[in-house]
Amino acid sequence: MNTNNSGSIPFIVLVGAPNSGKTTLFNYLSGKNYKTVNYPGSTVEYHTSKISEKYNFNAMILDSPGIISLVPSSPDEQVAINSLYEHPKYGKPDLVVLTVDASQISRHLLLAKELKDAGFRIVIALTMLDILKKKNLQIDYEKLSDLLGCKVAPVNGQTGEGIYELIQILKNEMLSEPVNTNGTDGILVKDSYKKYLIKTYNDIEKIEDEVLIPVVDKKSLEKANSQLKVLNNELKNKLEAPDSYTLKIDRILLHKTWGLIIFFFIMAFTFTSIFYLAVPIMELVSQFFGLLSQGAIDLLGNGWFGNLIANGIIGGTGAVLVFIPQIFILFLILGFLEDTGYLARGAMLVDRPLSKLGLNGRSFVPMLSGFACAIPAIMAARTIRSRKERMLTIFIIPLMSCSARLPVYTLIIALLMPEDKLWLGGIALASIYLFSILSAVIVAGIVNKFSKTLIREKSHSSFILELPTYRKPKLKVILNNAYVNSKMYLIKAGTVILVLSIILWFITFFPNTNPKVDTTGLSKNQAETLINSERLENSYSAMLGHVIQPIMTPIGMDWRVGVSLISAFAAREVFVSSLALIFKVTGSDGTLQNSLLKAMRRATIEKTGKKLFTFATSLGIIIFFIFALQCISTLAISRQETGSWRIPMLQLFIYTSIAYILTFITVNGLRAFGIQ
Amino acid sequence: MKTAAELKEGEKGIINKVDFKNPCSKRILEFGFTPGKEIELVNESVFRDPITFSVRGTLIAIRKNEARSIILS
Ligand SMILES: Nc1nc2c(ncn2[C@@H]2O[C@H](COP(=O)(O)OP(=O)(O)OP(=O)(O)O)[C@@H](O)[C@H]2O)c(=O)[nH]1
Ligand SMILES: [Mg+2]
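Residue positions are given per chain, counted from 1 along the sequence in the order it is written. In the order they appear in the text, chains get letters beginning with A and ligands get numbers beginning with 1. Given that the model is predicted, a residue must reach a pLDDT of at least 70 before its local features are reported, and side-chain atom pairs must reach 80 or more before they are shown or counted; all residues, however, enter totals for whole chains, interfaces and linings. Side-chain figures throughout are based on the complete set of non-hydrogen atoms in the structure, without hydrogens or water.

Student: Which residues make up the overall build of chain B, and what values do they have?
Tutor: Segments assigned H or I by DSSP are reported as helices when at least four residues long, segments assigned E as strands when at least two residues long, and all are numbered from the N terminus. The number of helices and strands found in chain B is two helices and five strands. Helices (α) and strands (β) of chain B occur, in sequence order from the N terminus, as β-α-β-β-β-α-β. Put simply, the radius of gyration uses C-alpha atoms, and a globule should come to 2.2 Å times the residue count raised to 0.38. Over its C-alpha trace chain B gives a radius of gyration of 11 Å, about what one expects of a compact globule, namely 11 Å for 73 residues. Any pair of residues with heavy atoms lying within 4.5 Å of one another is described as a contacting pair. Partitioning the contacts of chain B with sequence separation of at least 6, the portion at a separation of at least 24 is 54%. If you sum the accessible surface of chain B, you get close to 2,700 Å²; carbon and sulfur atoms cover 46% of it. Areas reported as accessible are Shrake-Rupley estimates using a 1.4 Å probe. Residue values count occlusion only from the protein chains shown.

Student: Tell me what's going on with the coordination of the magnesium ion (ligand 2), and back it up with residues and numbers.
Tutor: Residue and element names in this part refer to chain A. In the first shell of the magnesium ion (ligand 2), the protein supplies Thr23 (OG1) and Thr43 (OG1), at 1.9 Å from the metal. With a gap of 20 residues between them, Thr23 in helix α1 (residues 22–30) and Thr43 in the loop between α1 and β2 (47–50) connect regions that are remote in the sequence. Residue Thr23 shares its accessibility class with Thr43, and that shared class is buried. Atoms are scored as donors when they are N, O or S and lie within 2.8 Å of the metal, with 3.2 Å used for Na, K and Ca; no water is included, so coordination may look incomplete. Residue exposure (1.4 Å probe, protein chains only): buried if accessible area is under 20% of the type maximum, exposed if over 50%, otherwise partly exposed.

Student: Talk me through the interface of chain B and chain A; I want residue IDs and the actual numbers.
Tutor: Contact residues are listed per partner, giving 37 residues for chain B and 48 residues for chain A. Accessible area that two parts lose when put together, evaluated with a 1.4 Å probe and summed over both, is termed the buried area. For the pair chain B and chain A, the two sides together bury roughly 3,900 Å², of which 60% comes from carbon and sulfur. For chain B, the biggest contributors to the area lost against chain A are Arg27(B), Arg56(B) and Arg63(B); these three give 19% of the whole. We count a salt bridge whenever a side-chain nitrogen from Lys or Arg sits within 4 Å of a carboxyl oxygen from Asp or Glu. In this structure, the connection of chain B to chain A is made through six salt bridges.

Student: Got a sec to walk through the site of ligand 1? Specific residues and values, please.
Tutor: Residues and elements named next belong to chain A. For each residue, the test is whether any non-hydrogen atom lies within 4 Å of the molecule or strand; if one does, the residue is near. The environment of ligand 1 is formed by 26 residues, the closest being Lys22, Thr23, Thr24, Thr43 and Asp130. One of the side-chain N or O atoms of Lys22 is found 2.7 Å from an oxygen atom in ligand 1. Polar contacts here mean pairs of N or O atoms no more than 3.5 Å apart (in protein, one a potential hydrogen donor and the other a potential acceptor; neighbouring residues in sequence count only if both atoms are side-chain atoms). Tyr39 is positioned such that a nitrogen or oxygen atom in its backbone is 3.2 Å from an oxygen atom of ligand 1. In isolation ligand 1 offers 650 Å² of accessible surface; the protein chains occlude 98% of this area. Going through the elements one at a time, α1 and α4 (129–134) are the ones with two or more residues in the shell around ligand 1. Taken together, the residues of the shell around ligand 1 sort by class into seven nonpolar, 14 polar and five charged. Three classes are used, and their members are as follows: Ala, Val, Leu, Ile, Met, Phe, Trp, Tyr, Cys and Pro are nonpolar, Asp, Glu, Lys and Arg are charged, and the others, Gly among them, are polar.

Student: Residues and numbers for the sheet that holds strand β7 (residues 151–154) of chain A, please.
Tutor: Residue and element names in this part refer to chain A. Here we have six strands laid out as an open sheet, ordered β2-β3-β1-β4-β5-β7, and mixed in their pairing. Either end of the sheet is taken by a strand with one partner, and the two such strands are β2 and β7. Across the sheet, the mean angle from the axis of one strand to that of its neighbour is 25 degrees, orientation sign disregarded. Relative to strand β3 (residues 60–63), β2 is paired through four bridges, and the arrangement is antiparallel. Directly across from Lys50, in β3, lies its bridge partner Met60. On top of the sheet, helix α3 (residues 105–117) reaches β1 (11–16), β4 (95–101) and β5 (122–127); it is set at about 165 degrees to β4, its chief contact. Most of the contacts of helix α6 (residues 163–175) go to β7, to which it runs at about 160 degrees, and overall it touches β1, β4, β5 and β7. In short, DSSP must find at least two bridges between two strands for them to pair. Every angle, taken between N-to-C directions, lies between 0 and 180 degrees, and every axis is a line fitted to C-alpha atoms, over only the stretch in contact when it is a helix.

Student: Outline the pattern of salt bridges, supporting the account with residue identities and numerical values.
Tutor: All names here are of chain A. Taken as a whole and assessed by the stated rule, the structure comprises 19 salt bridges over all chains. The shortest N-O distance in the salt bridge between Asp250 and Arg345 comes to 2.9 Å. You can see Asp250 sitting in helix α10 (residues 244–253) and its partner Arg345 sitting in helix α15 (residues 342–356), a full 95 residues away along the chain. The shortest N-O distance in the salt bridge between Arg390 and Glu641 comes to 3.9 Å. Note that Arg390 is positioned in helix α18 (residues 387–396) and Glu641 in helix α29 (residues 632–642), a separation of 251 residues in sequence.

Student: So what about the sheet that holds strand β3 (residues 51–55) of chain B? Which residues, and what values?
Tutor: Strand order in this open sheet of six strands is β9(A)-β4(B)-β3(B)-β2(B)-β1(B)-β5(B), and the pairing throughout is antiparallel. Of all the strands in the sheet, just β9 (464–467) of chain A together with β5 (70–72) of chain B have a single pairing partner and so form its edges. Between one strand axis and the next, the sheet turns by 45 degrees as a mean value, whatever way the strands run. Seen against the sheet, α15(A) touches β9 of chain A together with β3 and β4 (58–62) of chain B and runs at an angle of roughly 145 degrees to β9(A).

Student: Quick rundown of the side chain of Gln651(A)? Include the residues and the values.
Tutor: All names here are of chain A. With respect to the element layout, Gln651 can be found in helix α30 (residues 646–672). A distance of 3.1 Å separates the side chain of Gln651 from the backbone oxygen of Phe395, its partner in a polar contact. In this structure the side chain of Gln651 is engaged in a polar contact, spanning 2.8 Å, whose partner is the side chain of Ser638. Filtering out sequence-adjacent residues up to four positions away, Gln651 remains in contact with Ile394, Phe395, Pro398, Leu629, Ser638 and Thr656.

Student: Explain the packing of α29(A) against α30(A) to me, using residue names and the numbers behind them.
Tutor: Axes are the key here: two packed helices are described by the angle between their axes and the distance separating the axes. Residues and elements named next belong to chain A. Between α29 and α30, the least distance of the axes is 7 Å, while the angle of their chain directions is 145 degrees. In this structure, α29 uses Leu635, Ser638, Arg639 and Thr642 to contact α30, whose residues at the interface are Ile647, Pro648, Gln651 and Leu652. When its residues are assigned to classes, the contact of α29 with α30 shows four nonpolar, three polar and one charged.

Student: Provide a residue-level description of unusual backbone geometry, including the pertinent values.
Tutor: Of the consecutive residues Asp49(B) and Pro50(B), the connecting peptide bond is found in the cis state with omega at -5 degrees. Structurally, Pro50(B) is set in the loop between β2 (38–43) and β3. At Met128(A), a position not held by glycine, the phi torsion is positive, near 60 degrees. Here Met128(A) shows up in the loop between β5 and α4. We classify Met128(A) as buried; its relative accessible area is 14%. Although it is not a glycine, Ser45(B) adopts a positive phi angle of roughly 60 degrees. Following the sequence through the fold, Ser45(B) ends up in the loop between β2 and β3.

Student: Kindly report on the packing of aromatic side chains, identifying the contributing residues and their values.
Tutor: All names here are of chain B. Under the pairing criterion, centres of Phe, Tyr and Trp rings, with the six-membered ring standing for Trp, must be within 6.5 Å; the plane angle then separates stacked pairs below 30 degrees from edge-to-face pairs above 60, leaving the rest tilted. Using the criterion set out here, one finds 19 aromatic pairs over all chains in the structure. Ring centres of Phe33 and Phe53 lie 6.1 Å apart, and the angle between their planes is 85 degrees; this geometry places the pair in the edge-to-face category. Remark: Phe53 occurs in strand β3 and Phe33 occurs in the loop between α1 (25–30) and β2; sequence separation between them is 20 residues. Here the two residues Phe33 and Phe53 agree in accessibility, since each one is buried.

Student: Break down a nonpolar patch on the surface for me, citing the residues and quoting the values.
Tutor: A cluster of nonpolar side chains, contributed by Leu299(A), Leu300(A), Trp304(A) and Phe305(A), occupies part of the molecular surface with about 470 Å² of accessible area. By the element assignment, Leu299(A) lies in helix α12 (residues 279–300). Residues enter patches when they are more than 30% accessible in relative terms and free of salt bridges; like-charged ones are connected within 9 Å and nonpolar ones (Val, Leu, Ile, Met, Phe, Trp, Tyr) within 5 Å.

Student: Residue-level account of the environment of Ile124(A), with values.
Tutor: Residues and elements named next belong to chain A. The topology assignment puts Ile124 in strand β5. On the basis of relative accessibility, which here comes to 0%, the residue Ile124 falls in the buried class. Distance from Ile124 to Val96, taken between C-alpha atoms, is 8.5 Å for residues 28 residues apart in sequence. Discounting residues that sit within four places of it in the chain, Ile124 has contacts with Leu98, Val100, Leu109, Ala112, Leu148, Cys150, Lys151, Val152 and Ala153.

Okay, here's the thing in structure tokens:
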């Protein structure tokens, strides 16, 4: 195959079967930190990077989603194939590095054969040799290299051993003239392809017999040699037997009755621990921001500047930053689940019920990652083969309770829970999650009924998934993943939310900065409260608020909640910032969150004098957040992944209307029963 | 004619052929279910569908409907 980007730097594409260690290798080569987990299909988009400078090799490397063969079956595989044949930016690769899981060579060599037959220049990186070693087996690299006609480099994905040697091989390959392989892309012609597969697998079995050798110490080497024939058969059996621990664990986790109970238990544990584990740490962070904000007022005075710093910046962003521990724990738990290898089992368990709703077992992982953020979740749906099932999965992902909603729920739960029954909070949060899953299931069922008009796709449904071997999760990888995601949350708080907080502060503070009020006979605190509320009443935000008041009154809320709801369309967390700003929260009541809660408990609706945050309206707010599609990035990614604006616009319209209508029903329904 | 879908938990069988007419036959072959290979049904799971096979040292979960295209000898 000719290379067509000579002149520019070498372009190397990393491909391999799902879960074979591509991203792990890519991270070593590039010094980057992409997510690696024990689930086939964790990478769904390609990433490129220059090879890290320490290797002194100027080349571009591309990580791709896992593929089983050169004939793609789903969009994520198409991404990988595209970068093999013609990358939009870098053209054809000069070299292909293929990761082959040594403990599964019998399956993973298929791709090696296909790549060779299609005329690619390949180098094989053998991974997971440690796992093979546990079966007392090893591979004769030289022989494998001879039989396949390409270089073979063992690499250790856990320690990074062998990376330098791999780089050396790549350098040499780049120097040598490309051998003229007369590959034919024609091997992949539809009809004969299946016959080609059978023949190739036969060839691979012969290779396998030759390259697999037992791990033996010197003493028993002679003995082994004399018994080679016998050993060989035994060896094969050993290799063909799946990991015995995995089989044992599966006997429990996939048990006919226990399996489902354990599944629900794992899910319940995940959602409640987000609350219980985080609360004590959140308290500390909240205290810190409370002190900071109060300190700023004391230091800078209560003028506009002091107010901007204490309330606009520290109060506004602090209100969101308080939730960092929760976000961290959420990602920690999800990462843990992902890295054990359980997720593929989860997908298998729910395939049957989900298929009744027009979804697929493969929808499970995208839906679960929707609890972190809808954007990677919608992209993860690429692993679903049937287009209809994929569209439907994308359709309901915005209903999964993403981490941006967590601050809102936690705040409202804290508002509703009696001080002495805080433990109820975890159950309340888990119920919200359960409710959002149920809603998603119901919506999926309904949309599926009308799929002819709404989804407009029909395709064959199937489910084939490799169940990876269980592994002890790698704490370092999980911590790192949680750290990266928390950092993203921090960055979001430091940019989008900071800017929005300042804007919100501005419209709640101006134009009437120094309202004239009669403060005679009032204590300093009372006078301040009066001034604050007078200023807010005449602010720009109030003017805006009065325009939307007619929409808010039916759902029992006032313009202040309305302004917060609207600003939450920029980012859901801003709802909390906005309340902190409107209620002029500083740390005067110990922690930042306590001051906010106090102010919210005191708040009344001006016209009626009734309490603003009653049980009914608080529940209403939760319902609103469960359904409303308040995230512009979600719409953009949904447009990208579905190929048109039709589905994102339907999502925006349907979900936001459902949110409003159900909030209306909740608030007024509860009131009709005498619950305020 | 017995298919892989009719195996019982823990039962083994040797693949005779894969029915090319099944729309998933390509995928099934690619995953290594090729004629001559021995497979074992290792797990029936909660709803008895999908079912897990051990093939070439790996566990593969597939739906019963797809397993029907794997014909045993
Ligand atoms: N024991 C062992 N584990 C490894 C090795 N290399 C990678 N892993 C682990 O294998 C799992 C999969 O690795 P990834 O790098 O995410 O695999 P991938 O090929 O990018 O997978 P997809 O993106 O899903 O196609 C992770 O849990 C890794 O930590 C290795 O050499 N030995
Ligand atoms: Mg990957």
